[in-house]
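For reference, the chains in residue letters:
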Amino acid sequence: MARKAFVLNDMAREKVRHLAGVGVRQDDIAKIIGCAPKTLRKRLRDELDRGVAEANATITGFLFAAAKAGNIAAITSG
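Residues numbered from 1 in each chain as written. Predicted model: local features only at pLDDT ≥ 70, side-chain atom pairs only at ≥ 80, totals over all residues. Heavy atoms only, no water.

## A few points about the pattern of salt bridges
Enumeration according to the criterion identifies seven salt bridges in this entry. As a salt-bridge pair, Glu14 and Arg17 come within 2.4 Å of each other at their nearest N and O atoms. Of this pair, Glu14 and Arg17 both sit in helix α1 (residues 10–21), separated by three residues, roughly a single helical turn. Classification of Arg17 by relative accessible area gives buried; the value is 18%. For Glu54, the salt bridge is made with Arg50, and the minimal N-O distance between the two is 3.0 Å. Taken together, the residues span about one helical turn, with Glu54 and Arg50 both in helix α4 (residues 45–68) at a distance of four residues. (Salt bridge = Lys/Arg side-chain N within 4 Å of Asp/Glu carboxyl O. Helix = DSSP H or I, 4+ residues; strand = E, 2+ residues; numbered from the N terminus. Buried < 20%, exposed > 50% of the residue type's maximum accessible area, 1.4 Å probe, protein only.)

What follows is the structure in structure tokens.
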């Protein structure tokens, strides 16, 4: 019996981007959205990369703002 084709939609793309951004492992993301890890990496590479990049940018922005405000812990964590 052949496998059912994996169908992508905007909701799945957004979920992958979010999960990648909060640090969920790719194998687990694949299970959550119902595809093989290889399919995830092949068809959703941009969402995986974008989610991580956006999360890093957000955290960096918060640290920068805290450091500018004089937060010593934020200044020394860089």
